[in-house]
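Structural description and commentary
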Amino acid sequence: MVGPNTLFHRRKHSWPPEEFITKTTLQLLDFDSAAPPPHAWRRRLNCHANILKEFTITFREAIKMVRLGIRLWSYVREEASHGRKAPIDPFTKENCKPSASQGVPLGGMGSGSISRGFRGEFKQWQITPGTCDPSPMMSNQFSIFISREGGHKKYASVLAPGQHGSLGKSRDKGISSWGWNLNGQHSTYHALFPRAWTVYDGEPDPELKISCRQISPFIPNNYRDSSLPAAVFVYTLVNTGKERAKVSLLFTWANSIGGTSHMSGGHVNEPFIGEDGVSGVLLHHKTGKGNPPVTFAISACETQNVNVTVLPYFGLSEDSSFTAKDMWDKMEKDGKFDQENFNSGPSTPSTAGDTICAAVSASAWVEAHGKCTVSFALSWSSPKVKFSKGSTYDRRYTKFYGTSPRAALDLVHDALTHYKRWEEDIEAWQNPILRDDRLPEWYKFTLFNELYFLVAGGTVWIDSASIHANGNSHLQQSDLGNSEGKASGVDSKDQQNNLDNGDSNGIESNGEASVTDESNGLFVDTSHVDDDDDVGRFLYLEGVEYVMWNTYDVHFYASYALLMLFPKIELNIQRDFAKAVLSEDGRKVKFLAEGNLGIRKVRGAVPHDLGMHDPWNEMNAYNIHDTSKWKDLNPKFVLQVYRDFAATGDYQFGIDVWPAVRAAMEYMEQFDRDNDDLIENDGFPDQTYDTWTVHGVSAYCGCLWLAALQAAAAMALQIGDKFFAELCKNKFLNAKAALEAKLWNGTYFNYDSGASSNSKSIQTDQLAGQWYTASSGLPPIFEDSKIKSTLQKIFDFNVMKTKGGRMGAVNGMHPDGKVDETCMQSREIWTGVTYAAAATMILSGMEEQGFTTAEGIFTAGWSEEGFGYWFQTPEGWTMDGHYRSLIYMRPLAIWGMQWALSLPKAILDAPKINMMDRVHMSPRSRRFSHNSRVVTHKATCFGDSSLSCSC
């Protein structure tokens, strides 16, 4: 852990709100959380949103990949013929080009998401699993109408800048007829996920200060509210004029889930009056392609001073019975809609080609020098998740709200009546970090803002009760635990949990059920689990362009966020993969890189992902390479399981997954070609860098293997499988000696032991295994001097020779200081890998280098002088800043930095294993395959950190 006064004596970035908002306005808004926080990501609304530039491959790379490209193109077309998307499709481009306009997304996790750009547009529609439509719905807006006593001052404006080319001409009867009068020069956006503030400092009325606070229920360790598809918009109005003002705020919404869905017909709008003053409109959306229906609710809360009226229907075409222009004119004239609209009942279903919208108005008088608060809410109820090959599940929130379309009404009601409690919980979580003066300001708000991905990364969170209705699994499964709860190699009488479950990071014991062979597909049997412990099942995409669920080699980097904030979800993901390790799917698959055939899932191999079109039941949607031959997946599984086991102190979790840990380790032995206990790579890109070929022993996979041997040994001792621990200890010492002999060059570890032009390259990620051992309370896998020498080399070359440290760490650098251009990935800067390297530096006592390394990602991706990747952090970018794969999972690795800065007590107090204390074994007896699974006695030192576990 970092000492209290040991962080940076260096330049500190600072973006105080006073640089964006006048001090007078900040003082006026200093009540009810209306003022933006001291630490936040900030932009002016008139800031130019430049079009982002995508990477291109070089001619040499294209020649190398031409066969793969042809096969991939053919596969994409084949999938399209079946009405399905391919998980990776570089050929189909969106009509809406990505731009630097993103902001904090709306809602909790796993119930579909909608993003909102920093200028106010609603976009990035991800209601249907695996689909993302980036186009904004420009009819979805907040607008304001202001009149003052005497009638000589009137203002009417959409509360978003009007520089949108898609609006058409002002004489149209559509939304272009609205008042797009906001310049945005004096309006600013302040983001601190899961909240955002937009402050209108005298726009459009110079005498009215306006703050809009956007709140979503993303609350660590709250497994109920964090699943809700709802968001609240709290407007605070401060009248600085001498006359009282009548202010009407307007919320308009199209009956659409993005794209052209609003024109498909059959949609119905319906007004409602709910309890506690909550009223609004339900928008029932009839989805296409057999997808489950969606119901939106837009609402406002009526109070003693706030009057709420609705317009259940208006159209965007000139032929509509009540047009968008009619709606705007009505608000300009009256500042409200007719009260009898609440009695209109459901509208006639829309016809194909027509777009229907709804509006909610909230009006109030604001006294001279007075203040007023007006609250709106949005919800979207899509209770069913349907995957393209047929499996359907209930979303997590239906456990609390049911599956009725009218749940949308209850969701907005609860959002409007509970949002203050949400904010209290959010502030209690964030304030200790925000108030830590040791930390650079850019890090504080970027740490929270990178969490956007857990909402906008295509997350799906389902209720366990809906699992067993699906029986589509093609998997043959081995036991993962049994009816007695006994793990292979461990006597059931030795299974007990005496770990300390207390932890300051919110990590706690899960206590969920073990996986049983009777469970459907890859699910844990939760039939006898208490409701408080059953948190359902969770999926998130590798990225919106790489549509695969829970991609495991990337989750290795991202999982720190879930472990720290939602540890029960993290343990369930590991349980799913543990079950997967012991399963097999013998259906034939064509692997596109070489064109060869193999089987979809090999028993003993950790899958690359949980699938795309039928997750859990049809794994490994990735089909570029045969990932059963990858060298990083199995070690990453063992390392994650041990870290989670040690951090949570959940001994039942350890018992549940131990058979899979053993199987994963035993599977890897086939890749030790020369019996030195060290795995070798096979001359193709057989790890997460899937275009970067590796020959012989590699620093990346070899280090992961060493760390996995150490983690497996430590876990075996704590579970009670002492003999397996001795096997791993022996293998570790031999493998370590072999790796150092083959790769250590006196300063760092060579990329691999081959004879290629890049074999001596400096790889940023070469100490990924050491990152995990240090994160898990295990001893370092190399001498401290070698670790620090390697990290300093990475810092001096991969970081500081990459545009002076202002872009992050390039993946590969030749020892002469030139970028390794062997392939597109060696020359890329990967955001998540840079964060991981920074975390490794922090864990090694190199905090200055660690934060300088990570700051390059902030400078290039998030700062105003950068490339515009805020709230859409890509997998990586090139030296000229061109991105590959926006909205990507791996940048969540920034939470690995926070883990390094605040290691939980359970890790610091974990039993210490002595890898040097071992029973010597012959080469033959060291083979996993040579030894049967024997029952051993539980290590008596479990839970006692004073013992060496060398029993």
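Attention here is on the structure that accompanies the text. Please read these numbers as outputs of a predicted model, since none were measured by experiment. Counting of residues starts from 1 at the beginning of each chain's written sequence and follows it residue by residue. Per-residue local features of the predicted model are confined to residues with pLDDT of at least 70, and side-chain atom pairs are confined, for both listing and counting, to 80 or more; whole-chain, interface and lining totals are unaffected and use all residues. With hydrogens and water stripped out, all remaining heavy atoms of the structure feed into the side-chain values.

Here's the deal with the overall build of the chain
Filter applied, for reference: Helix numbering and strand numbering both begin at the N terminus, where a helix is a DSSP run of H or I of at least 4 residues and a strand a DSSP run of E of at least 2. By definition, residues are in contact when any of their heavy atoms lie within 4.5 Å. Only the protein chains shown count as cover for residues, and all accessible areas are computed by the Shrake-Rupley method using a 1.4 Å probe.
Within the chain, the regular secondary structure consists of 20 helices and 30 strands. The contacts of the chain with a sequence gap of at least 6 include a subset with a gap of at least 24, amounting to 73%. Working note: accessible area of the chain is about 31000 Å², and carbon and sulfur atoms make up 49% of it.

Overview of the pairing of strand β23 (residues 597-601)
What counts, and what does not: Any two strands are treated as partners once DSSP identifies two or more bridges connecting them.
Here strand β22 (residues 583-590) pairs with β23 via 4 bridges, running antiparallel. Looking across to β23, one finds that Lys588 is bridged to Ile599. The antiparallel pairing of β22 with β23 creates a hairpin that spans 6 residues between the two strands, and Gly595 there sits at a positive phi of about 80°.

A closer look at the packing of aromatic side chains
Working definition: an aromatic ring pair is given by the centre-to-centre distance plus the angle between the planes. Definition in use: Any two of the Phe, Tyr and Trp rings considered here, Trp counted by its six-membered ring, make a pair once their centres fall within 6.5 Å; the pair's planes then place it as stacked at under 30 degrees, edge-to-face at over 60, or tilted in between. Exposed residues in this analysis have more than 50% of their type's maximum accessible area, buried residues have under 20%, and partly exposed residues fall in between, with area computed by a 1.4 Å probe over protein chains only. In this scheme, the term charge over a ring applies when either NZ of a lysine or CZ of an arginine sits within 6 Å of the ring centre and within 35 degrees of the ring normal.
In this structure the tally under the stated criterion is 71 aromatic pairs. Where Tyr452 meets Phe871, the ring centres are 6.2 Å apart and the plane angle is 85°; that geometry is what we call edge-to-face. Separated by 419 residues along the polypeptide, Tyr452 in the loop between α7 (441-449) and α8 (453-456) and Phe871 in the loop between α18 (847-862) and β29 (876-877) bring together distant segments of the chain. Assessed through its relative accessible area of 1%, Tyr452 is described here as buried. Site record: aromatic cluster; members linked through ring pairs are Trp41, Phe118, Tyr189, Tyr452, Phe453, Trp461, Phe538, Tyr540, Trp862, Trp870 and Phe871. Positioned above the aromatic ring of Phe928 is the side chain of Lys731, whose terminal nitrogen or guanidinium carbon lies 4.8 Å from the ring centre.

Focus on the sheet that holds strand β11 (residues 268-273)
Selection rule: Here an axis means a line fitted to C-alpha atoms, over the contact stretch when the element is a helix, while the angle between two N-to-C directions is reported on a 0 to 180 degree scale.
The 9 strands are arranged β1-β6-β7-β8-β9-β16-β13-β12-β11 in an open sheet whose pairing can be described as antiparallel. Either end of the sheet is taken by a strand with one partner, and the two such strands are β1 (41-44) and β11. Between one strand and the next, the sheet's axes are offset by a mean angle of 15°, whatever the strand orientation. Judged from the 6 bridges that link them, strand β13 (residues 294-301) and strand β16 (residues 371-381) form a sheet pairing that is antiparallel. When the sheet's bridge partners are listed, Ile298 is paired in β16 with Leu378. Against the sheet, α7 touches β1 and β6 (187-192), its axis set at about 75° to β6.

Considering α18
Spelled out, the test is: In this analysis, the expected span of each helix is defined as 1.5 Å times one less than the number of residues it contains.
Along its 16 residues, α18 runs 21 Å from first to last C-alpha, staying within 8% of the 22 Å computed at 1.5 Å per residue. Within α18, 15 of the 16 residues are buried, leaving the element largely enclosed by the surrounding structure.

Topic: the nonpolar core
Rules: Nonpolar cores were defined as sets of buried Ala, Val, Leu, Ile, Met, Phe, Trp, Tyr and Cys residues, with membership established by side-chain atoms within 4.5 Å.
Phe233, Phe376, Leu451, Phe637 and Trp895 are the most contacted members of the largest nonpolar core, which totals 296 residues. By residue number, the principal contributor to this core is helix α13 (residues 699-719), which donates 18 residues. Sequence-distant contacts of Phe233, that is, excluding residues within four places in its chain, are made with Leu106, Arg116, Phe122, Phe142, Cys212, Arg213, Gln214, Phe251, Val374, Ser375, Phe376 and Leu378. Leu26, Leu29, Ala35 and Val238 belong to the second-largest nonpolar core, a separate cluster that totals 8 residues.

Let's talk about the environment of Gly868
Tracing the backbone through its elements, the reader meets Gly868 in the loop between α18 and β29. Gly868 gets classed as buried once you look at its relative accessible area, which sits at 1%. Placed 767 residues apart in sequence, Gly868 and Ser101 show a C-alpha to C-alpha distance of 7.7 Å. Leave out the neighbours within four places in its chain, and Gly868 touches Leu52, Ala100, Ala860 and Gly861.

A few points about the packing of α7 against α18
Put simply, the rule reads: Here the angle decides the label: under 35 degrees means roughly parallel, over 145 means roughly antiparallel, 65 to 115 means roughly perpendicular, and every other value means oblique. Should the near helix be turned anticlockwise from the far one by less than a right angle, the crossing is termed left-handed; should it be turned clockwise, right-handed.
Relative orientation of the contacting elements α7 and α18 amounts to 65°, with a least axis distance of 11 Å. The orientation of α7 relative to α18 falls into the category roughly perpendicular. Considering the relative orientation of α7 and α18, their crossing is left-handed. Facing Trp442, Tyr443, Phe445, Thr446 and Asn449 of α7, the residues of α18 in contact are Phe851, Ala854, Glu855, Phe858 and Trp862.

Things to note about the pattern of salt bridges
In plain terms, the rule: We define a salt bridge as a side-chain nitrogen of Lys or Arg found within 4 Å of a carboxyl oxygen belonging to Asp or Glu.
For the coordinates displayed, the defined rule picks out 47 salt bridges. Shared partners join several salt bridges into a network, and the residues in it are Arg148, Lys153, Asp205 and Glu207.

A few points about the environment of Asp354
The cut-off we apply is this: Nitrogen and oxygen atoms within 3.5 Å of one another constitute a polar contact, given that in protein one can donate a hydrogen and the other can accept it, and given that sequence-neighbouring residues count only through two side-chain atoms.
By the secondary structure assignment, Asp354 is in the loop between α4 (324-334) and β15 (356-366). Asp354 sits 87 residues away from His267 along the chain, and the two C-alpha atoms are 9.7 Å apart. Setting aside chain neighbours within four positions, we find Asp354 in contact with His262, Met263 and Ser317. Among the polar contacts listed, one links the side chain of Asp354 to the side chain of Thr351, at a separation of 2.7 Å.

Description of helix α11 (residues 633-648)
Spacing of three or four residues puts side chains on the same side of an α-helix, whose turn is 3.6 residues. The terminal C-alpha atoms of α11 lie 22 Å apart, and with 16 residues this matches the ideal 22 Å at 1.5 Å per residue to within 8%. A large share of α11 lies buried, amounting to 16 of its 16 residues. One or two steps after α11, the chain reaches Gly649, where phi turns positive at roughly 65°.

Structural notes on the sheet that holds strand β4 (residues 141-148)
If you trace the 5 strands from one edge of the open sheet to the other, you get β5-β4-β10-β15-β14, paired in antiparallel fashion. On the outer flanks of this sheet lie β5 (154-158) and β14 (306-315), each paired with one strand and no other. Across the sheet, the mean angle from the axis of one strand to that of its neighbour is 15°, orientation sign disregarded. As paired elements, β4 and β5 share 5 bridges and run antiparallel to each other. Bridge pairing in β5 links Ile146 to Tyr155.

Topic: the packing of α11 against α13
Relative to each other, α11 and α13 sit at 45°, their axes nearing to 8 Å. By the criterion of interaxial angle, the relationship of α11 to α13 is oblique. Regarding α11 and α13, the two cross each other, and that crossing is left-handed. Seen from α11, the contacting residues are Pro635, Lys636, Val638, Leu639, Val641, Tyr642 and Phe645; seen from α13, they are Tyr700, Leu704, Trp705, Ala707, Ala708, Ala711, Ala712, Ala714, Met715, Gln718 and Ile719.

Considerations on unusual backbone geometry
For the bond running from Phe193 to Pro194, omega is 10°, close enough to zero to count as cis. Inspection of the secondary structure puts Pro194 in the loop between β6 and β7 (195-201). Geometrically, the link from Glu203 to Pro204 is a cis peptide bond, its omega value of -5° lying close to zero. Note that Pro204 resides in the loop between β7 and β8 (208-215). Although it is not a glycine, Ser33 adopts a positive phi angle of roughly 60°. Relative to the elements of secondary structure, Ser33 occurs in the loop between α1 (23-28) and β1. Looking at Ser33, the relative accessible area reads 29%, which means it is partly exposed. Of note in the backbone geometry, Ser885 takes a positive phi value of approximately 65° without being a glycine. A relative accessible area of 1% means that Ser885 is categorised as buried.

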